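Observations on the model geometry
Spelled out from the first residue to the last, the chains are:
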Amino acid sequence: MTAPTPVDVVETHCPYCALQCGIVARTSPTLSVVGNRAFPVNAGALCAKGWNAAAVVDHPERLREPLARDRAGRLVPVGWRYALDRIALGIRDTIRTHGADAVGILGSGALTNEKAYLLGKFARVAVGTANIDYNGRYCMSSGAAASNKAFGLDRGLPFPLEDLENADVVLLAGSNPAETMPPFVRYLETLKGRGGALVVIDPRRSATAQLATLHLQPMPGTDTALANGLLHVLLRDGLANQAYIERRTEGFARVRAVAAGYWPELVERVTGVPEKKIVEAARLLGTSARGFVLTGRGPEQQAQGVANALAYINLALACGFPGTEGSGFGTLTGQGNGQGGREHGQKADQLPGYRSISDPAARRAVASVWRVSPDSLPGPGKSAYELLQGCGTDGGVRALFVMGFNALVSSPSAHEVEARLASLDFLAVSDFFLSETARMADVVLPSAQWAEEDGTMTNLEGRVIRRKRAVAAPIGVASDIGVLVGLAERLGKRRHFTYSTPEDVFNELARATRGAPADYSGITYAKIDAQRGVFWPCPSPEHTGTPRLFLDAFATPSGKARFHAIKHKLPAESPDKDYPLFLTTGRVLAQYQSGTMTRRVPALNAMSGTAVAELHPQTAARLKVVDGGRLAVKTRRGSVDVTARVTRDIRPDTVFVPFHWPGEQSANRLTNPALDPTSRMPEFKVCAARVDPVGSKDPSPALRDPSKDTRS
Ligand code: SF4
């Protein structure tokens, strides 16, 4: 594959989260980055992760040659030809012995659109397996499923971020952008500066909650009860937008009947949120002409994640926000290409463009672009956790190819996942570093990074942007696109994979999405450059993209948004006498996802180098845990050893552990793999836990005199 010559100054995008901040990469004398003031989303601002993006490129731990396991069980350097031959052999042997579905493929929401698309095609055309999924299953699947159910289409934010600034109210449920994507906060600050209100729902008084006009701090696992309680007050007080409900929605009568049972006194008992605050939040929403309801992973990463998101959508619909210019409902995508990554076919049930793999017309459309028979395409496969759970078992996956997914750190019940990966006949991993998952592999491929490759990403607004090559990849490192082409050739399918550049892949992707829900057919690299991004759908060369969806109609058959009657249910696991606390998990500012990249950056480790668990002073005193001391957090699935931070910013019934670390600090050794019945999202955000001190240490100043801290 040919690559253009790198140049000195390149406008590209941060390798981390879905905000996809614009950066300017300077390549001389060494690679460095600054924020790109010309890119509207971040206007030059970056967070600590973005500022340090160059540090992962020329990193001493970077993989620079393929590795393969030798007879003694050691990973040793090998040539590319040998590595690809061995992977192809592993795939062919597995197909011959167990059938194509015994080959599993796992992708990532960090892959460019081109790679995500090609990985899906590779699975279906070169391997013939149904079993491909990706780590976005653990991130966006509940929010996406809820949006599809309610609006007929999922684009995380169906409006540009700039719309938030002019709203009267924004309700943010279970998201902490002040830490996860700090440049986003400027939109909230502008809103507040104009007199708008920010309502934050979070069991923690997070950095974002500290900016809020009003913070509701519910018990983990009670989102639906709270959303229904807010809806109850809206309806009781005559604040619902009846004209909008009649004109633009369906299914309201049943929701009204359900909401009638969620009177605020009851909801206070269920959620722990004072009735007064429930009423205040509902009135802020109900009296605002322009407003937004936004959900994050808090309500979504639960075994009832889809129901929770639908309950918040009901609230937004009752206010008349979705599909109204200057208002809306959205779900905040997390991973860098979490949006594009869920559109182009690396999800178990999807073909490119958000087409369903079970839809005969969709299969015909994609098969004609791929020049294969529709009947040759497999059907839907297993979701990420189910695929991992079946690894090495009869009827399960026996050979697994993983691209940019550190499944061992990201998956719930990580001990079990480790055992399952160890039982595979064959494991191959492509990554930048020797991740915890890569350490278990038979073959490891070193892949090119953000600054070393061209491609496109789709940010949390649905804006398709260019990732541009600034520097050459180290000798010995290859593009994932080249890897897939090389493997397809070895599997006898080269004629379906004839690309010279990532742009060739994109142009085929665009054709494959023509007429699909996520229609990229009018997008080209040149148009993206000229417009600094193109919002999909963009169905023709003349079309300039669609920043705002649903203004005339929703994407449902009737054109109306659908209410869903949702009742509160308990989480899959509730505290009891053995495990008396809730465990909830999440991110910190300086680390990202499984930490494969950020844990290798000294400046980020200086900010957050280890997992720190948060618990309330009352809880700490009862358990004899001190601030800064060691703590064992235990659940029915495992135990971790972390540092304690004693803070009044968390509920007394809850302990919080960030999930970026492996091994003894791995929060996902604790989490519950109970899955949402629709999205197959694991319940990362709530399970029962206990806390025990490990050793002892002098109490911190805050603990010596807790009475001086007067916050409740
Ligand atoms: Fe990168 Fe996200 Fe930070 Fe922006 S907010 S610099 S995209 S990690």
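In what follows, the accompanying structure is described. (Residues numbered from 1 in each chain as written. Predicted model: local features only at pLDDT ≥ 70, side-chain atom pairs only at ≥ 80, totals over all residues. Heavy atoms only, no water.)

Our next topic: the sheet that holds strand β3 (residues 32-35). Here we have three strands laid out as an open sheet, ordered β1-β2-β3, and antiparallel in their pairing. Either end of the sheet is taken by a strand with one partner, and the two such strands are β1 (9-13) and β3. The mean inter-strand angle of the sheet, taken between neighbouring strand axes irrespective of direction, is 30°. Note that strand β2 (residues 22-26) and β3 share four bridges and pair antiparallel. Its bridge partner being in β3, I23 is matched across the sheet by G35. (Pairing = 2+ DSSP bridges. Helix = DSSP H or I, 4+ residues; strand = E, 2+ residues; numbered from the N terminus. Axes fitted to C-alpha atoms, helices over the stretch in contact; angles between N-to-C directions.)

Attention now moves to the pairing of strand β20 (residues 463-467). Of all five residues in β20, five are buried, a share of seventy percent or more. Neither face of β20 is open: one carries R463, I465 and R467, the other V464 and R466, and all of them are buried. Bridge count for strand β19 (residues 455-458) against β20 is four bridges, and the pairing is antiparallel. Looking across to β20, one finds that T456 is bridged to R466. The turn linking β19 back onto β20 is made up of four residues, and G462 within it adopts a positive phi angle of 85°. (Buried < 20%, exposed > 50% of the residue type's maximum accessible area, 1.4 Å probe, protein only.)

This part covers helix α20 (residues 480-490). Burial of α20 is extensive: eight of the 11 residues sit out of reach of the surface. Those residues of α20 that fall on the buried side of the exposure criterion are D480, I481, V483, L484, V485, G486, L487 and A488. On its buried side, α20 packs onto α2 (80-98), α3 (113-127), β16 (399-403), β17 (426-431), β18 (443-446) and α21 (502-512). With its phi angle positive at about 80°, G492 sits one or two positions after the end of α20. (Contact = heavy atoms within 4.5 Å.)

On to the sheet that holds β20, then. An order of β19-β20-β21 is seen for the three strands of this open sheet, with the pairing classed as antiparallel. Of all the strands in the sheet, the pair left with one neighbour each is β19 and β21 (534-535). Where β20 and β21 come together, two bridges link them in antiparallel fashion. From the neighbouring strand, R463 faces β21, where its bridge partner is F535. Sitting on the sheet, α3 is in contact with β19 and β20, with an inclination near 95° to β19.

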